[in-house]
Amino acid sequence: MINHVIRFGPEVEAARAAGAPIVALESTIISHGLPRPANLAVAKEIEATVRAEGAVPATIGMIGGEIVVGLDEGEIHHLAGSDDVVKLSVRDLAPAAAARADGATTVAATSAIATKAGIPVFATGGLGGVHRDASATFDESADLTALSRLPITIVCAGVKSILDVGATLERLETLGVSVVGYGTRRFPGFYLTDAGFDLDWSVDDPESVADLIRAARTHEVHDGALVVANPLPADEQLDPALHDRVLAEGLAGLERDGVTGKEVTPYLLAHFHSATEGKSLDVNVRIILRNARLAARIAAAL
Ligand code: PSU
Ligand code: MN
């Protein structure tokens, strides 16, 4: 028998005891979203960015079947470099725990664990969502259904542009997930500043986000997530023409190589990173660091 209780890293444990601001971070972007060896350096940079704002980073994952909130450096190193790390959505957590697996948690699984751990703010790059051929494949990320039932605030640059963004926004509406633009009423497109859709709400500073979270808590009426969509400045986005060309190639590659299911997202992200000769990687890193900084400010304001 193993202990199936969540294990907290010492720094996160101390922050919980002191009521200090904590930012939850996912590990799938490290293991499956970013290429090696940059992924390890980026994972450390994300944590440093959160610390620089006076908050404590809690990178979440699974080690030997144990859910860990606040992975240490060695554990992050392992998730970044090993070929045996499983991509874990919520439904995978129990099977992976029973199998004593090492795993990286997606937005869905990280949100569920962070909520259980009492950490209300989470930073990532881009959410999963509805895939472009979903009407035929039914491929819709479990991120969406997880966010429909978890009162977490997630700072991201919208949903990944490899998805059907319009359909994803419709599903977020159906599922009751609040979406606010940070400093904008246009929904960002991850690598791109603007995905081409309007938003009903925007906020301009971390205090306003904290107010909004407090309103939701006071009402006790809505228990879905709050998505804070934080766009890259236009001069930092991936060149839209390059983006569209590389995406078209990547989508064709999926078909050619017969890629389906949970491999789709890592495949397309890896294609971007190689086909843009690192340009998409630079953009991806900037996105994550900006989101980590904003999430830390929101956690502090709370
Ligand atoms: N955004 C990124 N890189 C990633 C992901 C999102 O910039 O690697 C990951 C997240 O962990 C997200 C997952 O939860 O992809 C979605 O995968 P799927 O589409 O298989 O649900
Ligand atoms: Mn999927």
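Predicted model only: the values in this text are computed from it and were never measured.

Undergrad: Tell me about helix α11 (residues 240-257), and name the residues and values.
TA: In this model, α11 (18 residues) spans 25 Å end to end at C-alpha, consistent with the 26 Å of a helix rising 1.5 Å per residue. Among the residues of α11, Leu 242, His 243, Val 246, Leu 247, Gly 250, Gly 253 and Leu 254 are the ones counted as buried. Down the axis of α11, the buried side of the element spans an arc of 125°, and every buried residue falls inside it. α11 presents Ala 241, Glu 255 and Arg 256 as exposed residues on the side facing more than 90 degrees away from its buried surface.

Undergrad: Provide a residue-level description of the UniProt feature "active site" (unreviewed entry) in the protein chain, including the pertinent values.
TA: With numbering aligned to this structure, UniProt lists the feature "active site" (unreviewed entry) at Glu 26 and Lys 160. Checked against the lining of the largest cavity, the annotated residues reduce to Glu 26. Checked against the element boundaries, Glu 26 lands in the loop between β2 (22-25) and α2 (28-33). Setting aside its immediate chain neighbours within four residues, Glu 26 contacts Thr 59, Ile 60, Thr 105, Thr 106, Val 107, Thr 110, Phe 122, Ala 123 and Thr 124. There is a polar contact of 3.4 Å between the side chain of Glu 26 and the backbone nitrogen of Thr 28. With respect to the helices and strands, Lys 160 occurs in the loop between β8 (153-156) and α9 (165-174). We classify Lys 160 as buried; its relative accessible area is 10%.

Undergrad: Account for unusual backbone geometry, with residues named and values stated.
TA: What is expected of a backbone is that most residues other than glycine have negative phi and most peptide bonds are trans. Here the bond from Arg 36 into Pro 37 is cis, since omega is -5°, no more than 30 degrees from zero. When you line up the elements, Pro 37 lands in the loop between α2 and α3 (38-52). Positive phi, normally seen in glycine, also occurs at Phe 138, with a value near 60°. Looking at where Phe 138 falls in the secondary structure, it is placed in the loop between α7 (134-137) and α8 (142-148). On the accessibility criterion, Phe 138 (72% relative accessible area) is exposed.

Undergrad: Account for empty space enclosed by the protein, with residues named and values stated.
TA: Per the stated rule, a full pass over the model turns up one cavity of 30 Å³ or more. Lining the largest cavity are Leu 25, Glu 26, Ile 29, Ile 30, Ala 43, Ile 46, Glu 47 and Thr 59. At the level of secondary structure, the elements contributing two or more residues to the lining of the largest cavity comprise α2 and α3. When residues of the lining of the largest cavity are assigned to their parent elements, the largest contribution, three residues, is made by α3. When grouped by side-chain class, the residues that make up the lining of the largest cavity number five nonpolar, one polar and two charged.

Rules behind the numbers
- Residues numbered from 1 in each chain as written.
- Chains lettered and ligands numbered in written order.
- Predicted model: local features only at pLDDT ≥ 70, side-chain atom pairs only at ≥ 80, totals over all residues.
- Heavy atoms only, no water.
- Helix = DSSP H or I, 4+ residues; strand = E, 2+ residues; numbered from the N terminus.
- Expected span 1.5 Å × (residues − 1).
- Buried < 20%, exposed > 50% of the residue type's maximum accessible area, 1.4 Å probe, protein only.
- Arc of directions from axis to C-beta.
- UniProt positions renumbered as here; feature names shortened; annotations may be inferred.
- 1 Å grid on protein atoms, 1.4 Å probe; cavity = no way out; pocket = protein on both sides within 12 Å on 5 of 7 lines; lining within 4 Å.
- Contact = heavy atoms within 4.5 Å.
- Polar contact = N/O pair within 3.5 Å; in protein donor to acceptor, adjacent residues only side chain to side chain.
- Points joined across faces, edges and corners; volume = space filled by probe spheres on them.
- Nonpolar A, V, L, I, M, F, W, Y, C, P; charged D, E, K, R; others polar.

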